[in-house]
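# Examination of the molecular architecture
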Amino acid sequence: MNNIRQNDPKIMVVGLGYVGLPLAIALARKFSVTGFDANQARINELTSGNDRTGEISSKELVNSSIKFIGDLDVGTPSDVYVIAVPTPIDHENKPDLSALASASQEVGQYLKPGNVVVYESTVFPGVTEDICGPILETASGLVCGEEFFLGYSPERINPGDREHAIDKVTKLVAGQTPDITELLASIYGSVIPAGVYRAPDIRTAEAAKVIENAQRDINIAFINEVAMIFNRLGIDTDNVLAAARTKWNFLDFRPGLVGGHCIGVDPYYLAHAAEEANFDPEMILAGRRINDGMAGYVADEIDRLLQVPSRVLVLGLTFKENVSDLRNSQIVDMIRALATKGHIVEIYDPIASSEDVQAFYGLVLKPTIDNTEPYDAIIGAVAHDSFCAMAASAVDDLVKPNGLLVDLKRIWPDLSPTEGRRIWRL
Ligand SMILES: NC(=O)c1ccc[n+]([C@@H]2O[C@H](COP(=O)([O-])OP(=O)(O)OC[C@H]3O[C@@H](n4cnc5c(N)ncnc54)[C@H](O)[C@@H]3O)[C@@H](O)[C@H]2O)c1
């Protein structure tokens, strides 16, 4: 613990994705940091100054003192290991902790007495101490809580959102002992101007993170449900929300397709913990059911409005605006549902990588939408800045005069129906 006590710890960040990379770069402003990723292609791209997630600029990467490695041997020994690997769900919507287990196994082999292992991945309460701790113990031959120590500090970044970057959001920290909590508070506090919040223990910090995202999911599910009700009643949801928002305590959520690696996934982690404790998490799973059903609902509505098999252009495929992340994109589900109903669907997304779209989903992206034949319908699915900036005439040019314009994200709020052209909004 000497280096740590002297406030000069060697830190290794394990997993350099959307979460690990910005964290590693922030820590490297103050500490000696090594970044390890099991994917050598990721290491190669970072070493050459390119972050395909778009979170860190080439200039920042090149100017950082961080050292990127694809072989753990090279970066060890370190004093503090920070693990930020994926925590997805499997095909039965159960937590898939395999990356967390393998990262723990790898790090465990290099642990030395006094080391600290901090987890940043989103998990359910108990994972750090009951699952990761024992893996580290077995791999290292050291005793957890005596010879090495655990910490948990959930990541709260919002990809593509510069206003809530890592240094601008309070960092939650919890250690296995009060000493470790203080160490983490001093390490994170020295690179995060927004400050730290000390949770009383690791389980509390794990629980806090997982409910932050479950709460968002449930709130969006409620708005999705009312959007479906208002659609049935012939009332414009956006007008209702604008009116309701004038009350000081009305929560500002919008309807939409919930995808990505967090909001649609983390509630299943909480549900799993509840079920393990013989508690039926009704509201959490109801929220998931509603949000997971939205892609099918939207496809059904579009199909009903089109009536006959049609040529459709979808604008946007990534799970949210201005990011290239395609994980769990509900737009893919909507496209597949439309194709099953006989529609010919073309896709344009200037931010997604066509190789990734092909590899993940077997879909083909149009390279451009210039000079295309007008479509029977266009679907504004993701509010990328470039779509929001489209002039009304450019949107008009894409859809036949008697066609259908679907705007799932209020991308073109000022467009109104014309004599022939219909507009459908979620
Ligand atoms: N993406 C977000 O917005 C976000 C926000 C908050 C929290 N989180 C949580 O943070 C964690 C990481 O998410 P992410 O979006 O950064 O994932 P990611 O897929 O972008 O990055 C994870 C990286 O870990 C690497 N990796 C996987 N297994 C490894 C191993 N055994 N050893 C070393 N490297 C390994 C992968 O190659 C990848 O580069 C998840 O638990 C997620 O729920 C994500």
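Residue positions are given per chain, counted from 1 along the sequence in the order it is written. Note on the predicted model: pLDDT of at least 70 is required for a residue's local features to be given, and 80 or more for side-chain atom pairs to be given and counted; whole-chain, interface and lining totals, by contrast, use all residues. Water and hydrogen atoms were dropped before computing side-chain values, which therefore reflect all heavy atoms in the structure.

## Points about a nonpolar patch on the surface
A cluster of nonpolar residues, Ile-229, Leu-233 and Ile-235, forms a patch on the protein surface that exposes about 270 Å² of accessible area. Secondary structure counts use DSSP, requiring at least four H or I residues in a row for a helix and at least two E residues in a row for a strand, with both numbered from the N terminus. Relative to the helices and strands, Ile-229 is located in helix 9 (residues 202-233). Judged by relative accessible area, which is 40%, Ile-229 ranks as partly exposed. Candidate patch residues must exceed 30% relative accessible area and have no salt bridge, after which like charges are joined if within 9 Å and Val, Leu, Ile, Met, Phe, Trp or Tyr side chains if within 5 Å. Working definition of accessibility: Shrake-Rupley area with a 1.4 Å probe, residue cover restricted to the visible protein chains. The term salt bridge refers to a pairing of a side-chain nitrogen on Lys or Arg with a carboxyl oxygen on Asp or Glu at a separation within 4 Å. Whether a residue is buried, partly exposed or exposed follows from its accessible area with a 1.4 Å probe, protein chains only, as a fraction of its type maximum: under 20%, in between, or over 50%, in that order.

## Here we look at the layout of surface pockets
By volume, the second largest pocket amounts to about 280 Å³. Space inside and on the surface of the protein is sampled on a 1 Å grid over the protein atoms alone, with a cavity defined as a set of points where a 1.4 Å probe fits but cannot get out and a pocket as an open set with protein on both sides within 12 Å along at least 5 of 7 lines; lining residues have an atom within 4 Å of a point. In this structure, the second largest pocket is lined by 19 residues; those nearest its centre are Ile-89, Gly-260, Val-265, Asn-328 and Gln-330. When contributions to the lining of the second largest pocket are tallied by element, the ones reaching two or more residues are helix 12 (282-306) and helix 13 (330-340). Of the residues belonging to the lining of the second largest pocket, the class tally is seven nonpolar, eight polar and four charged. For the domain bounds, the source is a domain assignment made automatically or taken from a database. Each of domain 1 (2-200) and domain 2 (215-425) gives at least three residues to the lining of the second largest pocket. Grid points are joined across faces, edges and corners, and a volume is the space filled by probe spheres set on the points. Amino acid classes used here: Ala, Val, Leu, Ile, Met, Phe, Trp, Tyr, Cys and Pro are nonpolar; Asp, Glu, Lys and Arg are charged; the rest, including Gly, are polar.

## Details of the packing of aromatic side chains
The criterion for an aromatic pair is that two Phe, Tyr or Trp rings (for Trp, the six-membered ring) have centres within 6.5 Å, with stacked assigned to planes under 30 degrees apart, edge-to-face to planes over 60 apart and tilted to the rest. Enumeration according to the criterion identifies three aromatic pairs in this entry. Between the aromatic rings of Phe-124 and Tyr-269, the centroid separation amounts to 6.1 Å while the plane-to-plane angle is 45°, which identifies the pairing as tilted. Here Phe-124, found in the loop between strand 5 (116-119) and helix 7 (127-140), pairs with Tyr-269, found in helix 11 (residues 266-276); they are 145 residues apart in sequence, far enough to count as distant. Overall, Phe-124 belongs to the buried group, its relative accessible area being 10%. On the numbers, 6.1 Å between centres and 55° between planes, the contact of Tyr-348 with Phe-387 is tilted. Of the two residues, Tyr-348 is situated in strand 10 (residues 344-348) and Phe-387 in helix 15 (residues 385-388); the sequence distance between them amounts to 39 residues. In this structure Tyr-348 comes out as buried when scored by relative accessible area, which is 15%. The ring of Tyr-375 has Arg-311 lying over it, and the distance from NZ or CZ to the ring centre is 4.0 Å. Our definition puts a charge over a ring when NZ of Lys or CZ of Arg is within 6 Å of the ring centre and also within 35 degrees of the ring normal.

## Let's talk about the side chain of Ser-324
Within the secondary structure, Ser-324 sits in the loop between strand 9 (311-315) and helix 13. Look at Ser-324 and you get buried, because its relative accessible area is 19%. Pairs of N or O atoms within 3.5 Å make up the polar contacts considered here, provided that, within protein, one atom can donate a hydrogen while the other can accept it, and that residues adjacent in sequence are counted only when both atoms are side-chain atoms. A distance of 3.4 Å separates the side chain of Ser-324 from the backbone oxygen of Arg-52, its partner in a polar contact.

## A look at the nonpolar core
When a protein is soluble and globular, its nonpolar side chains tend to lie buried together. Counting residues in each nonpolar core, the largest one holds 38 residues, and the members touching the most others are Ile-83, Leu-100, Val-117 and Tyr-119. Residue assignment for this core shows that the elements contributing at least two residues are strand 1 (10-14), strand 4 (80-83), helix 6 (98-108), strand 5, helix 7, strand 6 (149-152), helix 9 and helix 11. Two domains each put at least three residues into this core: domain 1 (2-200) and domain 2 (215-425). By the convention used here, residues are in contact when the closest approach between their heavy atoms is within 4.5 Å. Not counting residues within four places of it along the chain, the set of residues in contact with Ile-83 comprises Val-14, Leu-100, Ala-103, Ser-104, Val-107, Val-117, Val-118, Tyr-119, Glu-120 and Ser-121. To qualify as a nonpolar core, a set must consist of buried Ala, Val, Leu, Ile, Met, Phe, Trp, Tyr and Cys residues joined through side-chain atoms within 4.5 Å. In this structure, Ala-295, Leu-306, Ala-337 and Ala-377 belong to the second largest nonpolar core, which totals 35 residues.

## As for the site of the ligand
Being near a molecule or strand, for a residue, means having at least one of its heavy atoms within 4 Å of it. The local shell around the ligand holds 27 residues, among which Val-19, Asp-37, Thr-87, Thr-122 and Pro-159 are the closest. Within the side chain of Asp-37, a nitrogen or oxygen atom sits 2.6 Å from an oxygen atom of the ligand. Contacts to the ligand include Glu-106, whose side-chain N or O atom sits 3.1 Å from a nitrogen atom. Here the ligand loses 89% of its free accessible area of 820 Å² to cover by the protein chains. Looking at the shell around the ligand element by element, the count peaks at four residues for helix 6. A class-by-class count of the residues in the shell around the ligand yields 14 nonpolar, eight polar and five charged. Built from parts of two domains, the shell around the ligand gets at least three residues from each of domain 1 (2-200) and domain 2 (215-425).

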